[in-house]
Amino acid sequence: MIASSWLLVAFPALGALILLAGGRRTDAWGHLLGCATVLASFAYGVALFFASDGKPTDTTLYSWMPVADLQVDLGLRIDALSLVFVLLITGVGSLIHIYAIGYMSDDTDRRRFFGYFNLFVTAMLILVLGDNFVSLYLGWEGVGLASYLLIGWYQWKPSAATAAKKAFIMNRVGDVGLALAIFLMWKHIGSVSYTEVFAGIGDVDSGVILAIGLLLLLGACGKSGQFPLQAWLPDAMEGPTPVSALIHAATMVTAGVYLIARANPIYNATPNAQLAVVIIGAFTLLLGAIIGCAYDDIKKVLAYSTVSQIGYMMLAVGLGPIGYALGIMHLLTHGFFKAGLFLGAGSVMHGMNDEVDMRKFGGLWRTMPITFVTFGIGYLALIGFPFSAGYFSKDAIIAAAFAQEETWRAWVFGGAAVLGAGLTAFYMTRLMLMTFFGKRRWTELKSEDGRDFHPHESPPVMTIPMMILAIGSAGAGAFFVFNGQLAEWLAPSLGALQEAEHGVVPHSAVPFIVVGISALGVLLAWLIFGRREIAVERQPVGAVVRAARSDLYGNALNEAVFARPGTWLSRALVYVDNKGVDGFVNGLAALLGGSSGRLRRLQTGFVRSYALSMLVGSFLLVGLLLMVRFA
Amino acid sequence: MTPTYYLLLSALLFAIGAVGVLVRRNAIVVFMCIELMLNSVNLSLVTFARINGELDGQVMAFFVMVVAAAEVVVGLAIIMAIFRARRSASVDDTNLLKY
Amino acid sequence: MPQQFLAQGEQLQVPAIDFAAVLPILIVFGAASIGVLLEAFLPKHQRWSSQIALSLTGIVGAGIALAAYISDAPEGGITTFMAQGATTGAIAVDTPALFLWGTLLALGLASLLMIGDRSLEPGGAFISQAGLQSGGLQTREQANVTGMQTEIFPLTLFALGGMMTFVAANDLLTMFIALEVLSLPLYLMAGLARRRRLLSQEAAVKYFLLGAFASAFFLYGVALLYGYAGSVKLAEIAAATAGSSASDTLLYAGIGLVVVGLLFKGSVGPFHTWTPDVYQGAPTPVTGFMAACTKVAAFGGMLRVLTVAFEPASWEWEVPLWLIAVISMAIGAIFGLTQRDLKRMIAYSSIAHAGFLVVGAMTLTEDGLSSTLFYLLAYGFTTIAVFGVISLVRDANGEATDLSSWAGLAKRSPLVAGVFTFLLLALAGIPLTSGFIGKFAVFSAALADGNAALVVIALVASAVAAFFYLRVVVLMYFSEPAAEGPAVTVPGAFTTAAITLGTAATLVLGIVPAFALNWASAGGFVP
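Residues numbered from 1 in each chain as written. Chains lettered and ligands numbered in written order. Predicted model: local features only at pLDDT ≥ 70, side-chain atom pairs only at ≥ 80, totals over all residues.

Draft legend 1. Structural detail: the overall build of chain C. When you go through chain C residue by residue, the secondary structure sums to 20 helices and five strands. With the C-alpha coordinates of chain C rotated into their principal frame, the extents come out at 75 × 60 × 40 Å. Per-residue burial over chain C gives 66% buried out of 527 residues. (Helix = DSSP H or I, 4+ residues; strand = E, 2+ residues; numbered from the N terminus. Buried ≥ 20, exposed ≤ 12 C-beta atoms within 10 Å, placed from the backbone.)

Draft legend 2. The arrangement of the overall build of chain B in detail. Each helix and strand in chain B was counted, giving three helices and zero strands. For chain B, whose C-alpha radius of gyration is 17 Å, the value lies well above the compact-globule estimate of 13 Å for 99 residues. Seen through its principal axes, chain B has C-alpha atoms that stretch 50 × 25 × 25 Å. Taking all 99 residues of chain B together, the buried fraction comes to 34%. The contacts in chain B between residues at least 6 apart in sequence include a share of 48% that link residues at least 24 apart. (Rg over C-alpha atoms; globule rule 2.2 N^0.38 Å. Contact = placed C-beta atoms within 7 Å.)

Draft legend 3. A look at the interface of chain C and chain A. On the side of chain A, 49 residues touch chain C, which itself brings 62 residues to the contact. Contributions of two or more residues to the side of chain C that touches chain A are made by helix 7 (197-229), helix 9 (248-265), helix 10 (274-281), helix 12 (314-336), helix 14 (366-390), helix 17 (434-448), helix 18 (452-478) and helix 20 (514-520) of chain C. No other element matches the 12 residues that helix 18 of chain C contributes to the side of chain C that touches chain A.

Draft legend 4. Region of the structure containing the UniProt feature "transmembrane region" (unreviewed entry) in chain B. All names here are of chain B. UniProt's entry tags residues 6-23, 28-49 and 61-83 with the feature "transmembrane region" (unreviewed entry), counted in the numbering of this structure. Each end of residues 28-49 is marked by a C-alpha atom, and these two atoms are 31 Å apart; helix forms 100% of the span and strand 0%. Between the end C-alpha atoms of residues 61-83 there is a gap of 31 Å, over a span that is 100% helix and 0% strand. (UniProt positions renumbered as here; feature names shortened; annotations may be inferred.)

Draft legend 5. Region of interest: the environment of Ala238(C). Residues and elements named next belong to chain C. With respect to the secondary-structure elements, Ala 238 resides in helix 8 (residues 234-243). Spatially, the C-alpha atom of Ala 238 lies 23 Å from that of Leu 100, the residues being 138 residues apart in sequence. With sequence-adjacent residues up to four places away left out, Ala 238 is seen in contact with Val 308, Ala 309, Glu 311 and Pro 312.

Draft legend 6. Region of interest: the packing of helix 2 (residues 27-52) of chain B against helix 7 of chain C. The contact between helix 2 of chain B and helix 7 of chain C brings their axes to 9 Å, and the two run at 10°. In terms of orientation, helix 2 of chain B lies roughly parallel with respect to helix 7 of chain C. In the packing of helix 2 of chain B onto helix 7 of chain C, the handedness of the crossing is left-handed. Facing helix 2 of chain B, whose interface residues are Ala27(B), Val30(B), Phe31(B), Ile34(B), Met37(B), Leu38(B), Val41(B), Ser44(B), Leu45(B), Phe48(B) and Ile51(B), helix 7 of chain C presents Val205(C), Leu209(C), Ala212(C), Phe213(C), Ala216(C), Leu219(C), Tyr220(C), Ala223(C), Tyr226(C) and Gly227(C). Split into classes, the residues belonging to the contact of helix 2 of chain B with helix 7 of chain C amount to 19 nonpolar, two polar and no charged. (Axes fitted to C-alpha atoms, helices over the stretch in contact; angles between N-to-C directions. Parallel < 35°, antiparallel > 145°, perpendicular 65-115°, else oblique. Left-handed = near helix turned anticlockwise from the far one by under 90°. Nonpolar A, V, L, I, M, F, W, Y, C, P; charged D, E, K, R; others polar.)

Draft legend 7. Region of the structure containing the interface of chain B and chain A. Across the contact, nine residues belong to chain B and 11 residues belong to chain A. Looking at the side of chain B that touches chain A residue by residue, the classes come out as six nonpolar, one polar and two charged.

Draft legend 8. The sheet that holds strand 5 (residues 487-488) of chain C, seen in detail. All names here are of chain C. One open sheet holds the three strands; their spatial order is 4-3-5, and the pairing between them is antiparallel. What marks the edges here is a single partner per strand, and that holds for strand 4 (398-399) and strand 5. Relative to strand 5, strand 3 (residues 393-395) is paired through two bridges, and the arrangement is antiparallel. Across the sheet, residue Val 393 finds its bridge partner in strand 5, namely Val 488. (Pairing = 2+ DSSP bridges.)

Draft legend 9. Highlighting the UniProt feature "domain: NADH:quinone oxidoreductase/Mrp antiporter transmembrane" (unreviewed entry) in chain C. The sites that carry the UniProt feature "domain: NADH:quinone oxidoreductase/Mrp antiporter transmembrane" (unreviewed entry) are, in the present numbering, residues 169-463 of chain C. The distance separating the terminal C-alpha atoms of residues 169-463 of chain C is 36 Å; by composition the span is 77% helix and 2% strand.

Draft legend 10. Highlighting the packing of helix 3 (residues 56-86) of chain B against helix 6 (residues 172-190) of chain C. Where helix 3 of chain B contacts helix 6 of chain C, the axes come no closer than 10 Å and their chain directions differ by 10°. In terms of orientation, helix 3 of chain B lies roughly parallel with respect to helix 6 of chain C. Facing Met60(B), Phe63(B), Val67(B), Ala70(B), Glu71(B), Val74(B) and Ile78(B) of helix 3 of chain B, the residues of helix 6 of chain C in contact are Leu173(C), Ile177(C), Glu180(C), Leu184(C), Tyr187(C) and Leu188(C). Each residue belonging to the contact of helix 3 of chain B with helix 6 of chain C can be placed in one class, and the counts come to 11 nonpolar, no polar and two charged.

Draft legend 11. Seen up close, helix 17 (residues 389-402) of chain A. The first and last C-alpha atoms of helix 17 of chain A sit 21 Å apart over 14 residues, in line with the 20 Å expected at 1.5 Å per residue. Judged by how many residues are buried, helix 17 of chain A sits mostly within the fold: 14 of 14 residues are covered. (Expected span 1.5 Å × (residues − 1).)

Draft legend 12. The nonpolar core, seen in detail. Among the nonpolar cores identified, the biggest contains 476 residues, and Leu315(A) and Ala417(A) are the most heavily contacted of them. Examining the composition of this core, we find that 22 residues originate from one element, helix 7 of chain C, more than from any other. Lining this core are residues from two domains, each supplying at least three of them: domain 1 (270-525) and domain 3 (603-630) of chain A. When residues no more than four places from it in sequence are discounted, the contact partners of Ala417(A) are Ala282(A), Leu285(A), Tyr312(A), Leu315(A), Ile397(A), Ile398(A) and Ala401(A). (Core = buried A, V, L, I, M, F, W, Y, C linked by C-beta atoms within 7 Å. Domains from an automatic or database assignment.)

Draft legend 13. Spatial organisation of the environment of Trp64(A). Residue and element names in this part refer to chain A. Looking at the secondary structure, you find Trp 64 in strand 1 (residues 57-67). Since 24 C-beta atoms lie within 10 Å of it, Trp 64 is described here as buried. Each C-alpha atom of the pair Trp 64 and Phe 630 lies 46 Å from the other, and the pair is 566 residues apart in sequence. In this view, Trp 64 contacts Val 72, Asp 73 and Leu 74; residues no more than four positions away in its chain are not counted.

Draft legend 14. Structural context of the confidence of the model for chain C. With 94% of its residues at a pLDDT of 70 or more, chain C shows a mean pLDDT of 88. Scored as a complex, the prediction yields pTM 0.87 and ipTM 0.96. (pLDDT = per-residue confidence, 0-100.)

Draft legend 15. Quick peek at unusual backbone geometry. Residues and elements named next belong to chain C. Residue Pro 270 is reached from Gly 269 by a cis peptide bond, and omega for that bond is 0°. Its place among the elements puts Pro 270 in the loop between helix 9 and helix 10. Positive phi, normally seen in glycine, also occurs at Arg 196, with a value near 50°. Its place among the elements puts Arg 196 in the loop between helix 6 and helix 7. Among the residues examined, Arg 196 registers 19 C-beta atoms within 10 Å and is labelled partly exposed. Unusually for a residue other than glycine, Leu 432 sits at a positive phi of about 75°. Looking at the secondary structure, you find Leu 432 in the loop between helix 16 (414-428) and helix 17.

Draft legend 16. Fine view of the environment of Cys293(C). All names here are of chain C. Mapped onto the secondary structure, Cys 293 falls in helix 11 (residues 284-309). In sequence terms Cys 293 and Ala 90 are 203 residues apart; their C-alpha atoms lie 22 Å from each other. Not counting residues up to four positions away in its chain, the partners in contact with Cys 293 are Leu 104, Leu 107, Gly 108, Ser 111, Leu 160, Met 163 and Gly 380.

Written out as structure tokens, the structure reads:
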């Protein structure tokens with residue numbers, strides 16, 4: 001059973017090969033094949049899940065790179081952690097594949113889309129199943145490539161090409177970090193396989209472990225859209241919505257969390273790197289949540305929400321043995337509800353001529369009842385409504401954050417996590433209100449291509465996956481925490497989950513605090529967006545208008561105390577996000593491009609100047625040699 | 001007379017050749033400067049053979065002469081072809097490929 | 001003083017030659033010589049077919065001879081062409097030499113197929129009368145004359161034989177002769193393009209003048225080392241470094257100048273200046289041959305010289321070579337960003353790769369040697385296939401190498417665009433391509449040798465360089481094709497075979513590189 005686990009990867013790989021090499025011949029049935037391969041992997045994964053006891057079993061497929069001292073085998077590791085990911089990737093992946101049959105039905109290139117989608121699943125499975133860091137790197141680059149191809153899917157849009165490029169470049173930054181970490185492991189431990197690295201990490205100099213930890217973190221930040229490499233993720237929403245749901249919400253972007261959880265023996269050996277992970281996680285979760293308040297584009301809001309939720313996961317896995325299993329649990333529940341939310345957003349767009357501006361929505365709950373209900377369940381799960389999936393997974397992380405031994409850490413990171421929960425409730429309620437409630441603002445508008453809006457419910461092939469995901473969003477959390485069974489299952493891979501006993505805030509009080517803060521966020525959003533008209537066009541924020549607005553609605557206090565500073569803060573962060581980090585990346589590209597443009601004039605085309613550069617080069621070379629010798 | 005002077009002369013000829021490559025425009029003259037560099041090396045080889053008290057260096061000089069002759073054949077063919085095309089043997093005129 | 005003079009009645013001693021070991025080289029040179037005779041005696045219309053048959057037979061025969069020799073090659077390698085009483089011969093046949101011979105023969109075969117192709121352009125990519133005045137009426141007619149200067153085949157074989165000798169040369173004089181034997185045909189081949197005669201001739205003249213200039217440096221270095229060590233044998237130079245009474249200035253100036261000559265051939269910055277111009281101007285099959293085989297030969301020679309002859313001085317040359325590797329990577333990565341011509345862009349890519357190869361070549365460990373050998377093999381195949389694909393995209397004026405004309409190519413020909421994307425990913429070093437394995441092996445060897453800073457710089461450079469490969473991919477997939485854009489010509493059997501060989505090797509060496517890596521690490525240089 002376990003020995004033939006390569007079949008998991010082989011199914012989607014075969015699908016991708018047939019669909020991409022088969023050409024137009026496979027157009028008629030390509031999408032069905034694409035779904036079938038992922039379903040086959042899922043079925044095999046379920047069978048493996050029941051056959052396995054969760055302990056690591058490595059199967060070596062063949063020796064990949066045997067250079068004298070450097071031995072890298074291509075092998076698969078079946079253990080609790082990888083099996084959980086296999087189920088998430090193939091399970092949620094199957095649902096999104098099925099959904100995409102409906103969503104992409106108008107696209108003439110649907111077959112190729114499924115080819116790329118299968119390619120992605122293949123690479124993602126290699127990433128989580130590899131039994132060494134080089135196999136992980138192989139999957140890591142593979143998912144990056146598939147993501148790049150899919151972000152740029154709508155190739156006639158220049159913004160899509162730019163977004164794809166940006167994703168690729170920012171991911172390269174992270175990849176360099178990961179590659180360096182792998183080289184360091186090889187240099188100091190002499191192996192790159194999980195077993196030997198984890199066994200040998202204790203004998204390595206602590207500075208080196210710290211460097212490895214930080215470099216792995218850099219890789220994780222690139223892939224998971226964490227600060228300071230978060231800017232590509234919202235832009236990646238240029239891709240089709242199933243891509244956003246599968247790659248940029250449920251699976252690929254959580255690879256960074258997987259990496260850190262997988263490398264837990266390394267992080268356990270270096271508390272400073274753990275602290276760095278926690279800081280990045282806490283900062284990103286606030287950053288994402290605050291920026292999420294500012295956008296009107298429904299997919300961008302969800303994207304920043306993803307950035308923020310992954311921040312929670314990073315925070316959790318940075319906490320060490322009290323948090324690894326919690327981070328993975330939140331990753332799984334998030335996989336359900338965020339995928340569901342994206343599919344819901346896609347369903348809304350499908351009915352609204354691909355419009356994404358929430359200011360043009362409103363009152364859609366009546367025309368799209370199924371979407372509304374499923375989306376609503378996802379919403380409740382995300383804001384942590386009692387007994388939904390998010391309630392269990394997020395509250396556990398917040399409780400663990402409060403339970404750190406050092407008091408200042410407990411207050412700072414616990415506080416940030418609670419604040420993030422409130423903000424999450426605020427921006428998600430805003431999204432719900434603007435999309436599904438209020439006046440039907442679209443009745444008098446036309447879409448960009450001049451058509452009227454006729455919102456309608458999506459076909460069953462799209463709504464059924466949404467319903468299944470909604471069930472998961474509602475029940476997965478309770479299922480996982482029942483008897484602590486997820487943590488127990490994951491123990492062979494991550495170590496036993498240590499119960500956080502003490503803490504600056506009593507353990508039992510955390511749910512009340514979180515629910516209270518979240519309720520406050522919901523209330524605030526309702527006060528600002530639920531009780532008054534939402535302008536179709538974004539209003540200029542002149543002082544007069546603001547005064548007029550607050551006068552009209554008689555809510556000056558609310559505006560002054562909460563809304564205005566909030567607006568400013570989130571606008572400022574959007575600005576920094578666009579100009580600062582983006583600006584740095586773009587500036588670097590411009591610097592390189594500019595210097596390239598100028599420097600290449602040095603290649604004058606004159607033989608004699610070429611000869612001169614050779615002569616100068618020779619002088620330098622000989623001069624340096626003599627200098628080193630005689631100096 | 002110490003052999004060192006021959007070595008210095010050889011270095012001087014090599015330098016003259018190298019500078020000639022940089023400053024002359026006519027492809028034939030540039031090429032002759034390169035030949036000068038090769039021949040200065042021959043002088044070095046023969047001198048070193050003398051210093052070391054053996055014949056290897058002198059034999060090497062013969063090899064170099066043969067190679068230089070082959071180079072002349074190839075080089076003149078190329079320079080002739082481009083001269084016929086452009087009616088100019090200036091190396092500064094062959095400047096279409098750049099940046 | 002000269003005791004070596006033959007005494008009365010004494011017999012001249014012929015050096016001992018192990019013919020089985022050098023048979024591959026002899027076959028290649030033999031085929032080349034027969035090719036020259038064919039050129040002289042056959043009527044024009046028979047030349048192409050007989051030349052191509054002869055050249056292919058020669059290369060395949062050399063390959064068979066090589067395989068036969070490898071099957072029971074002596075452990076640790078031998079040297080041959082050994083003079084009476086000498087301890088080492090002029091040609092070393094050891095694992096690296098055999099590996100590089102195999103690489104060169106395989107790459108030479110692929111290049112030859114591309115050179116011999118007549119399906120893309122009527123009559124092939126080469127002019128039928130190179131001596132005719134360009135721009136004149138006669139040259140314009142040339143475009144329609146279906147014949148080619150078939151001397152290209154023996155020239156290719158001579159160059160290939162020179163390269164094989166170069167990587168096996170065990171003394172600097174043999175190395176110099178081999179360097180010239182490989183270079184002189186290449187100078188001519190660069191100037192034989194059927195179209196764009198002026199560019200082609202300019203490439204030839206630039207390559208020739210700079211190449212001759214560089215070989216003068218190399219030769220002067222040889223002379224200085226001879227003065228220092230009293231011998232040009234690599235092993236004796238190494239031995240002399242330990243205990244010669246001559247001035248160290250001779251040694252280090254000699255090392256520097258010899259290395260300059262090698263770096264020039266390997267198109268390493270700052271001795272790279274000829275590369276973009278010559279790559280762009282030369283006929284594309286020749287560019288492919290140069291880019292793949294010359295690089296293999298140059299770095300093969302560099303590996304041997306640095307390891308066998310200059311190893312005792314490694315402390316001194318490490319710093320300068322470190323700097324040169326950085327300069328080369330930076331030049332390749334930065335200059336490549338804004339190139340508009342595809343062949344020129346690949347030229348800058350090859351300069352960046354040369355920088356990576358220097359990183360491997362200066363790592364004098366077993367891992368460093370085997371990983372650099374593997375890198376050469378992998379890079380050679382990928383490059384040949386890249387130039388093969390470039391030769392397919394054509395418009396009315398021949399090959400359309402301007403980047404803008406490749407826009408939207410994926411719509412016109414998904415297969416060609418897909419193959420080209422794969423090859424570019426290999427150049428960028430994405431896993432499951434041979435480029436990744438090569439980079440991984442070279443960088444980890446360099447890191448294990450304590451060159452952490454260099455590895456970081458190399459990773460950053462390869463991240464920057466990935467950007468310009470990506471630019472081409474974006475252009476092919478994410479732009480609309482131009483209305484009057486070029487068409488993708490369906491290649492004949494020869495070019496198809498060359499591209500398939502290169503692409504398949506790139507894939508296979510990425511997935512199951514074990515056999516090649518094992519072979520590359522089977523042994524070191526014979527001392």
